[in-house]
Amino acid sequence: MGRSAVGTLHADTVRRLRDGMARGVLSFPLTSFHDDGTLDPDGFRAHVAAQIATGPGAVFPACGTGEFFSLDEDEYRQVVTVAVEEAGGRLPVVAGVGYGWAQAARFARIAQEAGADALLVLPHYLVAAPQDGLVGQLEQLAARTSLPLIAYQRGQVAFGAGAFRRVAAIPGVIGLKDGHSDLDRLQRLTLAAPEDFLFFNGAATAEIQARAYATVGVPAYSSAVHAFAPEIADAFFAALRDGDDGTVVKLLRDFYVPLVELRDRVPGYAVSLVKAAARLRGRPVGPVRAPLTDPTAADLAELRQLLTTGLDLVGAAL
């Protein structure tokens, strides 16, 4: 199956994702756990429903923010099923898969049975690999699922231009999410991509670099902030889209940059702070699972003040 046939096969998914990317941020919901660490499907359903009600461009359950790495296969099935049910076909559902290709294929089958529209292929487990191996990982997975794939380059996964051309030619691969923020490399990849290929800004706290990514043709981004403060995330997205530089700069200076500074204090806070902020707003998401840890009391107090400031900036309240 050549690239043109793949484009036809997945044209509706690509169109829906592209339309969603133009309309709003991409939602990466948190996975809800009870205090004892067990999965809380009802809490997750309430959280996803609230996320979807704010009108994101797409929903990505069981990805990095959703602690995919801590879910077993049964929990994963429940999480993706709930997300699909709550989306109800109104927006695309892109489920995370990962580890080696053999295990990723198992998760892919579960996601397909649950009704997901596409898959985000998280970086493989542990080992560094050459370019041929990175391409081979996606080839093996693509051969074992009919769902379209979005590759995620981050950590030990980084494609050179030659390998990327091979990735973009794999039947079923429709996009690339970038978490490296190497804009020189990313510009080369966008110029080498097929016309219908999708690109996503997947930098941690992506709003910080959203303007820079847009200059190389990648305006769409995932927003962890949307998981706890969609009012802030949506205000930033609208300001960026409308060229309201004053609002963009104010939100960056007074909310996003201090949030990143707090996030960078402790490994894993990129997820832990997001969950803690959601709990501060009464969202039923529960704690993080080990090896992540919840914020200290001092950091939680600072997060509360920062969240209050951010919400004040957009006319909302804690």
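Everything below is about the structure printed above this text.
Residues numbered from 1 in each chain as written. Predicted model: local features only at pLDDT ≥ 70, side-chain atom pairs only at ≥ 80, totals over all residues. Heavy atoms only, no water.

**Q** Where do I start with helix α7 (residues 161-168) in this structure?
**A** What sets the pattern is the α-helix's 3.6 residues per turn: residues three or four places apart point alike. Among all positions in α7, only Ala-163, Phe-164, Val-167 and Ala-168 are buried. Down the axis of α7, the buried side of the element spans an arc of 135 degrees, and every buried residue falls inside it. (Buried < 20%, exposed > 50% of the residue type's maximum accessible area, 1.4 Å probe, protein only. Helix = DSSP H or I, 4+ residues; strand = E, 2+ residues; numbered from the N terminus. Arc of directions from axis to C-beta.)

**Q** Mind showing me how you'd approach the side chain of Gln-153 here?
**A** Considering the arrangement of structural elements, one finds Gln-153 in strand β5 (residues 149-153). A polar atom in the side chain of Gln-153 sits 2.9 Å from the backbone nitrogen of Phe-159. For Gln-153, the side chain forms a polar contact with the side chain of Asp-178, separated by 2.6 Å. Excluding residues that lie within four positions of it along the chain, Gln-153 makes contacts with Ala-158, Phe-159, Leu-176, Lys-177, Asp-178, Gly-179, His-180 and Leu-189. (Polar contact = N/O pair within 3.5 Å; in protein donor to acceptor, adjacent residues only side chain to side chain. Contact = heavy atoms within 4.5 Å.)

**Q** When you look at the packing of helix α5 (residues 101-114) against helix α6 (residues 131-142) in this model, what are you seeing that I'm missing?
**A** Packed helix pairs are characterised by how far apart their axes lie and by the angle those axes make with each other. Their axes nearest at 9 Å, the elements α5 and α6 cross at an angle of 35 degrees. Handedness of the crossing formed by α5 with α6: right-handed. Contacts between α5 and α6 involve Trp-101, Ala-104, Ala-105 and Ala-108 on the former and, on the latter, Gln-137, Gln-140 and Leu-141. Of the residues assigned to the contact of α5 with α6, the class counts are five nonpolar, two polar and no charged. (Axes fitted to C-alpha atoms, helices over the stretch in contact; angles between N-to-C directions. Left-handed = near helix turned anticlockwise from the far one by under 90°. Nonpolar A, V, L, I, M, F, W, Y, C, P; charged D, E, K, R; others polar.)

**Q** Can you walk me through the sheet that holds strand β8 (residues 222-223) in this structure?
**A** Whether parallel or antiparallel, the strands of a sheet pair through hydrogen bonds between backbone atoms. With respect to topology, three strands assemble into an open sheet ordered β2-β1-β8, the strand pairing being parallel. Two strands lie at the open edges of the sheet, namely β2 (58-59) and β8, each paired on one side alone. Relative to β2, strand β1 (residues 26-27) runs parallel, the two sharing two bridges. Across the sheet, Leu-26 pairs through a bridge with Ala-58, a residue of β2. (Pairing = 2+ DSSP bridges.)

**Q** Before we go on, may I ask you to explain the pattern of salt bridges in this structure?
**A** Per the stated rule, a full pass over the model turns up 20 salt bridges. Ionic pairing is found between Arg-241 and Asp-242, a salt bridge with its closest N-O pair at 2.9 Å. Notably, a salt bridge pairs Arg-265 with Asp-299, separated by 3.1 Å at the nearest N-O pair. Of this pair, Arg-265 sits in the loop between α11 (245-263) and α12 (269-280) while Asp-299 sits in helix α13 (residues 297-313), and the two are 34 residues apart along the sequence. Arg-265 sits in the partly exposed class, given a relative accessible area of 46%. Linked by salt bridges that have partners in common, Asp-12, Arg-15 and Asp-19 make up one network. (Salt bridge = Lys/Arg side-chain N within 4 Å of Asp/Glu carboxyl O.)

**Q** How should α6 be read in this particular structure?
**A** Here α6 contains twelve residues, and its C-alpha end-to-end distance of 17 Å stays within 8% of the 16 Å for a straight helix at 1.5 Å per residue. Taken as a whole, α6 has its buried residues at Leu-134, Val-135, Gly-136, Gln-137, Leu-138, Leu-141 and Ala-142. Taken together, the buried residues of α6 touch β3 (94-97), α5, β4 (118-121), β5 and α7. (Expected span 1.5 Å × (residues − 1).)

**Q** Just to check I follow, could you spell out unusual backbone geometry for this structure?
**A** Residues apart from glycine generally show negative phi values, whereas peptide bonds are mostly found in trans. Ala-290 connects to Pro-291 through a cis peptide bond whose omega is 20 degrees. Relative to the helices and strands, Pro-291 is located in the loop between α12 and α13. Phi at Ala-62 takes a positive value of approximately 55 degrees, unusual for a residue other than glycine. Judged by its relative accessible area of 0%, Ala-62 falls in the buried class. In this structure, Leu-126 takes a positive phi of about 70 degrees despite not being glycine. Relative to the elements of secondary structure, Leu-126 occurs in the loop between β4 and α6. Of the residues examined, Leu-126 reaches a relative accessible area of 63% and is grouped as exposed.

**Q** Explain the packing of α11 against α13 here, please?
**A** Running from N to C, α11 and α13 point in directions that differ by 165 degrees, and their axes come no closer than 10 Å. Taken as axis vectors, α11 and α13 run roughly antiparallel relative to one another. The interaxial crossing formed by α11 with α13 has left-handed handedness. Only Asp-299, Glu-302, Leu-303, Leu-306, Leu-307, Thr-309, Gly-310 and Leu-313 of α13 make contact with α11, whose side of the interface consists of Lys-250, Leu-251, Asp-254, Phe-255, Pro-258, Leu-259 and Leu-262. (Parallel < 35°, antiparallel > 145°, perpendicular 65-115°, else oblique.)

**Q** I'm lost on the sheet that holds strand β7 (residues 198-201) in this one. Help?
**A** Strand order across the open sheet formed by five strands is β3-β4-β5-β6-β7, with parallel pairing between neighbours. Edge positions in the sheet fall to β3 and β7, since each of these pairs with one other strand and no more. Each adjacent strand pair in this sheet contributes to an overall mean axis angle of 25 degrees, direction not counted. Judged from the three bridges that link them, β4 and β5 form a sheet pairing that is parallel. Pairing of Leu-120 across the sheet is with Ile-150, part of β5.

**Q** What am I meant to see in the nonpolar core here?
**A** When a protein is soluble and globular, its nonpolar side chains tend to lie buried together. Of all hydrophobic cores here, the largest spans 74 residues; its most connected members are Phe-60, Tyr-76, Val-97, Leu-120, Phe-159, Phe-164 and Phe-199. Beyond its immediate stretch of four places on either side in the chain, Tyr-76 contacts Ala-62, Phe-68, Leu-71, Ala-95, Gly-96, Val-97, Phe-107, Ile-110 and Ala-111. Ranked by size, the runner-up nonpolar core spans 35 residues in total, among them Ala-206, Tyr-221, Ile-232 and Leu-307. (Core = buried A, V, L, I, M, F, W, Y, C linked by side-chain atoms within 4.5 Å.)

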